[in-house]
Amino acid sequence: MDDQILLTEKRHITMTPDRFLSKVKELPETLQPKDIGSNILAPLFSYIITEPVKYREGYKLLQNKLLDITLRMAKENASYYTEIIPNDDNWTLSKLDQLPTLNKEALYNNRSGVLSEITTFGFVTFTTGTTNQPPLLIERSQEEQLYLQNFFSILQSGMLHSEKLKPLGIVEGSMNHGSVLRLPGIGYNFMIELTKDYGVIRTAWLLQNEFNFKGIEQKVSQLNTTVMGLSYLYQYLTEQNIEIPPDQLNAITIFGWPVPKSRRKKFEMFFNVKISDNYSMSEMFGGAKYCQQCDGYHFDPFVIPEIVDLETGKQLETGTGELVLTPLFPFTQRFVLIRYRTGDLVDVAKVSCDKGTLVYTFRGRLKRCVKMNSNLYFGEAEIAKAIDEIEELNRAPTGFSIFKDNNKNNWPLFKMVKNGEQFEILFELTFNPQEAPNRSNKVLKKIYDKILFELPESVINWIQEHPKNFKITLKAPSSFEKRDYWNL
Ligand SMILES: [Zn+2]
């Protein structure tokens, strides 16, 4: 009870990093599930979520304690881990690389072994899967659902008891990202979809109208969508000359795929609000948030991120590697993932920022990256983002029919090819480059400029040091075979 008062009323007056550390130290040396109920963890996490660097000492200790219980629970209750995890009752982040990593292939083959036997089946989400495999079903428990609901209710209790009108929002459902589990938001959310004509038209209507639900704001003030969803909504609103009053929206959150810089800028100008961009995956609860100050992502405290060297698999502190995640108990309980290899190529660097000491840059799916040497990779996603703004690049069809250009928002069509020491990117244009050499030269220059401006320094340096090994080729429309851009 004390903690709850602290959370809602006294927090800014009384908490200091030292006091926070001693509060974490008051927790038992070896945690049991009963020691970390939502009434205990939510107040502590309220400090970590808002000021992770200020409270980093206590945060680090708490993270190690949660990692320890996560690994003990995994060993005891999920058969796949019983042999893999050695006996230890003092696991810490620094010992984590004694354990093997778990890749997607192994997860497919041990899907039932990673389930915690002491949890109760609640519901299922799934990943997109790969070309050869069906989607991976991810089970969640009733226990973690209840835990998260209580946890977030406590975190938001200040707002819950406020007299102010609660927010009205729009939330896009996605089968593959974010939470099928609806966390208790304060206020009310319209559920929408932005993948078809009528969904976009309906959402624009919701955004422009006033409603009269008791205790809830009259106009929509929050949006939570995919990057593509927001792109379609933006295109519809601008093509129809619909203006959203500059003070109407106070939060836009997007999830799934990182938003290209050029789109972010356009959206933020149009809606007059900063966009919160989240990296998340359906395999677990928790992810990373975009930081405007660092122009990269900081992980939230519900998961432990590591990067591992792409050749040796050894844990790295900073540099380029594969992202490995361990979602923490009790936020993830049934589908237990210990050192899960995400298949994502990331760069990690130290920063001095209030929101984190490490910043992560997501460069693309490893499967769709091209390796030039042990330190140099071209990420397909980072190239797609860099050149996204160039209108002369051809794009895959979307299935919409309400727009002037229905395919405008899809990712540009291009292909990366490695041939010995040579790296070539082929781009499909909206016109035949041989019929318009002047125009295609201009596009070529735009592509170079964008790539040399937006790609990571390691890549730019390589291109500048090996100009003969880097080649861009422009192709006519319909030069490439169809492909999916889900997992870019
Ligand atoms: Zn930052």
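Because the structure is predicted, anything quoted here is derived from the model rather than measured.

Here we look at the overall build of the protein chain
Counting its secondary structure elements, the protein chain contains 14 helices and 19 strands. The C-alpha atoms of the protein chain give 24 Å as radius of gyration, which agrees with the globular expectation for 488 residues (23 Å, within 12%). A total of 488 residues make up the protein chain; the buried ones form 35% of that total.

Notes on the confidence of the model for the protein chain
Predicted coordinates in regions of low pLDDT should not be interpreted in detail. Taken as a whole, the protein chain shows an average pLDDT of 90; of its residues, 92% reach a score of 70 or greater. The model gives residues 1–6 a pLDDT under 50, and that stretch makes 11 contacts with residues more than four places away or in other chains.

Considerations on unusual backbone geometry
The omega torsion of the bond from F329 to P330 falls at 5°, within 30 degrees of zero and hence cis. Position of P330 among the secondary structure elements: in the loop between β12 (319–327) and β13 (340–353). The backbone phi angle of R339 is positive, close to 55°, even though this residue is not glycine. By the element assignment, R339 lies in the loop between β12 and β13. One non-glycine residue, S478, adopts positive backbone phi at about 60°. Turning to its location among the elements, S478 is positioned in the segment after β19 (470–475). Residue S478 is classed as exposed on the basis of its 10 C-beta neighbours within 10 Å.

So, the nonpolar core
Membership of the largest hydrophobic core comes to 83 residues, with the highest contact counts inside it found for V336, L337, Y360 and I383. Considering every element that reaches this core, the biggest residue donor is helix α4 (residues 56–77), with 8 residues. Counting only domains with at least three residues in this core, you end up with domain 1 (143–366) and domain 2 (375–475). What Y360 contacts, discounting residues up to four positions off in sequence, is A288, G296, Y297, F299, V346 and V348. Counting residues in hydrophobic clusters, the runner-up holds 19 residues, among them L194, L223, L233 and L249.

A look at helix α9 (residues 197–208)
With 12 residues, α9 ought to run about 16 Å at 1.5 Å a step, and its terminal C-alpha atoms sit 17 Å apart, in line with that. Among the structural elements, β3 (166–172), β4 (188–192), β5 (216–226) and α10 (227–239) are those in contact with the buried residues of α9.

Quick notes on the domain arrangement of the protein chain
Domain boundaries in the protein chain define domain 1 (143–366) and domain 2 (375–475). With 21 residues of domain 1 at the contact, the number on the domain 2 side is 18 residues. Those elements that place two or more of their residues in the side of domain 1 that touches domain 2 are α9, α10, α11 (261–271), β13 and β14 (356–365). The leading source of residues in the side of domain 1 that touches domain 2 is α10, at 6 residues. The residue inventory of the side of domain 1 that touches domain 2, partitioned by class, reads 8 nonpolar, 6 polar and 7 charged.

Details of the sheet that holds β19
Strand pairing within a sheet occurs via backbone hydrogen bonds; the two strands may be parallel or antiparallel. Read from one edge of the open sheet, 3 strands run β17-β18-β19, paired in mixed fashion. Of all the strands in the sheet, the pair left with one neighbour each is β17 (414–419) and β19. Between one strand axis and the next, the sheet turns by 20° as a mean value, whatever way the strands run. The pairing of β17 with strand β18 (residues 422–428) spans 6 bridges and is classified as antiparallel. Looking across to β18, one finds that N419 is bridged to Q422. Strand contacts of helix α13 (residues 437–454): β18 and β19, with the helix running at about 140° to β19, the strand carrying the most contacts.

Some points on the packing of helix α3 (residues 38–50) against helix α7 (residues 142–155)
Across the interface, α3 lies against α7 with an axial gap of 9 Å and an inter-helix angle of 50°. For the element pair α3 / α7, the angle class is oblique. By crossing handedness, the relation of α3 to α7 is classed as right-handed. Residues S38, N39, L41, A42 and S46 of α3 form the contact with α7, whose participating residues are Y147, N150, F151, I154 and L155. Residues of the contact of α3 with α7, tallied by class, amount to 6 nonpolar, 4 polar and no charged.

Details of α7
Here α7 is 14 residues long and its end C-alpha atoms lie 20 Å apart, about the 20 Å a rise of 1.5 Å per residue gives. Buried within α7 are the following residues: E144, Q145, Y147, L148, F151, I154 and L155.

Focus on the environment of F378
Here F378 lies in strand β16 (residues 376–379). Owing to 25 C-beta atoms within 10 Å, F378 belongs among the buried residues under this scheme. Residues F378 and V459, 81 residues apart in the sequence, show an inter-C-alpha distance of 7.0 Å. Sequence-distant contacts of F378, that is, excluding residues within four places in its chain, are made with C369, V370, M372, I383, M416, F423 and V459.

Quick word on the environment of G256
Here G256 is to be found in the loop between β6 (251–255) and α11. In this structure, the C-alpha to C-alpha distance between G256 and M228, residues 28 residues apart in sequence, is 9.3 Å.

What counts and how
Residues numbered from 1 in each chain as written. Predicted model: local features only at pLDDT ≥ 70, side-chain atom pairs only at ≥ 80, totals over all residues. Helix = DSSP H or I, 4+ residues; strand = E, 2+ residues; numbered from the N terminus. Rg over C-alpha atoms; globule rule 2.2 N^0.38 Å. Buried ≥ 20, exposed ≤ 12 C-beta atoms within 10 Å, placed from the backbone. pLDDT = per-residue confidence, 0-100. Contact = placed C-beta atoms within 7 Å. Core = buried A, V, L, I, M, F, W, Y, C linked by C-beta atoms within 7 Å. Domains from an automatic or database assignment. Expected span 1.5 Å × (residues − 1). Nonpolar A, V, L, I, M, F, W, Y, C, P; charged D, E, K, R; others polar. Pairing = 2+ DSSP bridges. Axes fitted to C-alpha atoms, helices over the stretch in contact; angles between N-to-C directions. Parallel < 35°, antiparallel > 145°, perpendicular 65-115°, else oblique. Left-handed = near helix turned anticlockwise from the far one by under 90°.

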